[in-house]
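Descriptive structure summary
Spelled out, the chains give:
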Amino acid sequence: MINEHLPALVIGLPLLAAFATPLVSKINDKLRNIFVIGILGITLYLVYSLLCNVLNDGIFVYVMGARSTGLTLPSGYKMPVRIILEADAMSVFMAITTAVISLIGAIYSWAFMDKETGKDKFYTLLLILTAGMFGMELTGDMFNFFVFLEITSIAACGLVGFRITRGESSEAAFKTMVLYTLGALFVLFAVGILYGEYDALNIATLASRIQYTMLDKIALGLLLTGLAMKAGAVPMHMWVPDAYAEAPAPVSLVLVVNTQAGLYGLFRVLFSLYGASLSTQTVGWILIILGVLSMFVGVTMALIQDKLKRLIAYGAVSQIGYMLLGVGVGLATLNTPALQEYGMRAMEGSIFHVINDAMYKGLLFLTAGAVIYCTGKRNLNEISGLAHDMKFTSIFFIIGAGAIAGLPPFNGFASKLIIYESVYKFNPMLSVIAILVSILTLAIFVKIFQSAFLGPKLLDVKKEPRSMVLAMLVLSIIVIAFGLFPDVVVDKIVSPAVNALINRMDYITAVLGG
Amino acid sequence: MIDNLPFIACAILVILGLYTLTFKRNLIKIVIGLNLVESGVNLFLITLGYKSNAVAPIYTMAAKEEMVLPTPQALTLTSIVIGLATTALILSFTILIYKHYKTIDASKVRRLRE
């Protein structure tokens, strides 16, 4: 019974719980925290069942409001008329990442947000943001995608500007909101163009009709710009450092998966919607260039930052570059024999990097949050010798920094190695740049570690609360486990996700029938 | 030519909005620019479903068979509602910025960069 309605429940449960949260808050603060964590825990379980379901039985199609949930074409219709949720291996891969990260965010918030006011609103927005991301990842409808995109934008900006006592927060939220809204409007414009041409909003139906005419190229340009803006790729990255730096740490953590949901939208559009009809070489190279620019600009800007979270945020921009690079190589080799040879492998590396990146970058933001929570300082020049008091946080920071720089045995190494190897076969120069960026990243994080955690003790430091240590511990365990057993993860969830992206016909026939 | 007039109007609105977003320094004007882009997109959606001399798509007691396409109207309605929410949120950020900085000049609101 429940299995039948999984995709709708995954979106619906956090959304309903979001509006119940202020009511539960009225009773008791502690009860509210347990309620939110419980809901996100149940959601994680639901996503996990959906994952198992999709991996065993193939694409899960759910028709909203139909007599039976799998009925996409009722009584003789040639095209679907209802809103369809379509969960394939790629969608559930993103959904499981989102579910894990938001659960950890909620656990971390317990202690981190304890002294703040307006916590009921905080948790409401957090749950809405989570529901919106699930929506983006599971929907099979372009307009629906736009609606969920806007839901995440509004919730995310509300959270970025959460500390209204700081002018900087409002400044960052304003900037982010302008860019998010503009990006979403570009997406809507593109949806309008596609609807005008092909008379459909369903992604599978559109994909079966798409011709790649001039108008489609314009729509693709708009979608690419809008979604890259959401994903924070250079040159649309201006909002990323501001938003990440000003948001409370658990929100920065969830924002990481939010940018990845934007990236997911981009991949869905490129592979499932346009697919082979694209001029794959050109668009693939556009992605590669965006990726290389993001890697390079991100890391060079990180070098000159003196605020801890801003620095990690620029690191985040450069990590988005790796994902674009690998998928760009995959797209450039689509329809050629090279796809089997190294294109698939490059995509596997990139998609694997998505989940790894969410884990280690989340971990780094949480450690930065712990530093700010315990010392009250944001500037790297004012902190020193934290390892004396914050032993756990120092260890977690080493793990996160090692992973982002791509050192073995952490998960960043596993996915970056796949990217280096496969991209080298495509174009050696790109691989060299990718390795160079990793080395620079390592240099930056060694510098922070040395200046912030080592050295003489300067400040009186609070101890990090238990819920924050627990959240960071879970992430660290995932980081190390994925680093030690990358093959298991790649075989179980990453490779089906890549296959789901590449096999566009499966995505279409799941809705339209053979 | 005359049929394409609405599309040209959309293009002009969107370009005006983008111009405002890029070159204006007043935060309120930036919000207005965003709204201009949004109106352009909404107008575009409505134009897609428009048919001259047709009636509203309500079947009960319809005067004739020719109707405009209802889907774009539903889309536009959703988009307007979303636009309202974003505008309200973004204006409230502007108010907060004014409270903290005593200005809404974007070139002076740059504490983050320092």
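Residues numbered from 1 in each chain as written. Chains lettered and ligands numbered in written order. Predicted model: local features only at pLDDT ≥ 70, side-chain atom pairs only at ≥ 80, totals over all residues.

**Notes on the overall build of chain A**
Note the following rule: Strands are runs of DSSP state E lasting at least 2 residues, helices are runs of H or I lasting at least 4, and numbering of each runs from the N terminus. Using C-alpha atoms as the atom set, the radius of gyration is obtained and then compared with a globule rule of 2.2 Å times the number of residues to the power 0.38. Counting other C-beta atoms within 10 Å of each residue's C-beta, where C-beta atoms are placed from the backbone, gives the exposure class: buried for 20 or more, exposed for 12 or fewer, partly exposed between. C-beta atoms are first placed from the backbone for all residues, and any pair lying within 7 Å is then listed as a contact.
The number of helices and strands found in chain A is 19 helices and 2 strands. Rg of the C-alpha trace for chain A: 22 Å, near the compact-globule value of 24 Å for 514 residues, within the 12% margin. For chain A, the spread of C-alpha atoms along the principal axes amounts to about 75 × 60 × 40 Å. Looking at chain A as a whole, 63% of its 514 residues qualify as buried. A fraction of 80% describes how many contacts in chain A between residues 6 or more apart in sequence connect residues 24 or more apart.

**Here's the deal with the overall build of chain B**
Counting secondary structure elements, chain B contains 3 helices and 0 strands. Shown N-terminal to C-terminal, the secondary structure of chain B runs as helices and strands in the order α-α-α. Based on the C-alpha atoms only, the size of chain B along its principal axes is roughly 65 × 30 × 15 Å. Counting the 114 residues in chain B, one finds 28% classified as buried. Put simply, 48% of the contacts in chain B that link residues at least 6 apart link residues at least 24 apart.

**Comments concerning the interface of chain A and chain B**
Selection criterion: Residues are sorted three ways: Asp, Glu, Lys and Arg are charged, Ala, Val, Leu, Ile, Met, Phe, Trp, Tyr, Cys and Pro are nonpolar, and all the rest, Gly among them, are polar.
Chain A puts 26 residues into the contact, and the matching count from chain B is 27 residues. Where the side of chain A that touches chain B is concerned, the elements lending two or more residues are helix H5 (142–160) and helix H6 (167–198) of chain A. In terms of residue count, the dominant contributor to the side of chain A that touches chain B is H6(A) (17 residues). A breakdown of the residues in the side of chain A that touches chain B according to their chemical character gives 15 nonpolar, 7 polar and 4 charged.

**Describing the environment of Met472(A)**
Residue and element names in this part refer to chain A. Tracing the chain through its elements places Met-472 in helix H17 (residues 466–484). In sequence terms Met-472 and Met-136 are 336 residues apart; their C-alpha atoms lie 27 Å from each other. Once residues lying within four places of it in the same chain are set aside, the contact partners of Met-472 are Leu-363, Leu-366, Thr-367 and Phe-396.

**Points about the packing of helix H1 (residues 6–27) of chain A against helix H4 (residues 119–138) of chain A**
Residue and element names in this part refer to chain A. Filter applied, for reference: Angles shown run from 0 to 180 degrees and are taken between the N-to-C directions of axes, each axis being a line fitted to C-alpha atoms and, for helices, limited to the stretch in contact. Roughly parallel means an angle under 35 degrees; roughly antiparallel means over 145; roughly perpendicular covers 65 to 115; every other angle is labelled oblique.
The contact between H1 and H4 brings their axes to 8 Å, and the two run at 170°. Judged by the angle between their axes, H1 and H4 are roughly antiparallel. On H4, the residues touching Pro-7, Val-10, Ile-11, Pro-14, Leu-15, Ala-17, Ala-18, Phe-19, Thr-21, Pro-22 and Ser-25 of H1 are Asp-120, Tyr-123, Thr-124, Leu-127, Ile-128, Thr-130, Ala-131, Phe-134, Gly-135 and Leu-138. Within the contact of H1 with H4, the residues separate by chemical class into 15 nonpolar, 5 polar and 1 charged.

**Side note on unusual backbone geometry**
All names here are of chain A. With an omega dihedral of 5°, the bond running from Val-234 to Pro-235 counts as a cis peptide bond. Looking at the element boundaries, Pro-235 is found in the loop between helix H8 (214–231) and helix H9 (239–246). Cis geometry marks the peptide bond from Pro-408 to Pro-409, where omega comes out at 5°. The residue Asp-199 is not glycine, and still its phi comes out positive at about 65°. Here Asp-199 is to be found in the loop between H6 and helix H7 (203–209). Unlike most non-glycine residues, Tyr-212 shows phi in positive territory, near 65°. Under the C-beta neighbour-count criterion, Tyr-212 is labelled partly exposed, with 14 such atoms within 10 Å.

**Topic: the confidence of the model for chain A**
Cut-off, in case you're wondering: Values of pLDDT, ranging from 0 to 100, describe the predictor's confidence in every residue of the model.
For chain A, per-residue confidence averages 91 on the pLDDT scale, and residues scoring 70 or more make up 100% of the total. In the model of chain A, helix H19 (residues 504–512) of chain A stands out as the element of lowest mean pLDDT, 89, in contrast to H4(A), which has the highest, 95.

**Quick look at helix H1 (residues 5–23) of chain B**
Residue and element names in this part refer to chain B. We apply this condition: Take the number of residues in a helix, subtract one, and multiply by 1.5 Å to get its expected span. Read the arc as the range of directions from the helix axis to the C-beta atoms.
Between its terminal C-alpha atoms H1 stretches 27 Å, which fits the 27 Å expected from 19 residues at 1.5 Å a residue. Within the sequence span of H1, burial applies to Cys-10, Leu-13, Val-14 and Gly-17. What you see down the axis of H1 is that its buried residues fit within an arc of 95°, all on one side. More than 90 degrees from the buried face of H1, the exposed residues found are Leu-5, Ile-8, Ile-12, Tyr-19, Thr-22 and Phe-23. Taken together, the buried residues of H1 touch helix H2 (27–48).

**Some points on the packing of helix H2 (residues 29–57) of chain A against helix H3 (residues 89–112) of chain A**
Two packed helices can be described by the angle between their axes and the distance between those axes. Residues and elements named next belong to chain A. Stated formally: Crossing chirality is assigned from the near helix's rotation relative to the far helix, an anticlockwise turn below a right angle marking it left-handed and a clockwise turn marking it right-handed.
Interhelical geometry of H2 versus H3 gives an angle of 165° and a closest axis separation of 9 Å. By the angle between their axes, H2 is roughly antiparallel relative to H3. The interaxial crossing formed by H2 with H3 has left-handed handedness. Along the lines of polarity and charge, the residues of the contact of H2 with H3 split into 20 nonpolar, 4 polar and no charged.

**Quick word on helix H11 (residues 280–303) of chain A**
All names here are of chain A. Along its 24 residues, H11 runs 34 Å from first to last C-alpha, staying within 8% of the 34 Å computed at 1.5 Å per residue. What H11 keeps buried is the set Thr-280, Gly-284, Leu-287, Ile-288, Leu-290, Gly-291, Val-292, Ser-294, Met-295, Gly-298, Val-299 and Ala-302. Those residues of H11 hidden inside the fold are in contact with H8, helix H12 (308–332) and helix H16 (428–453).

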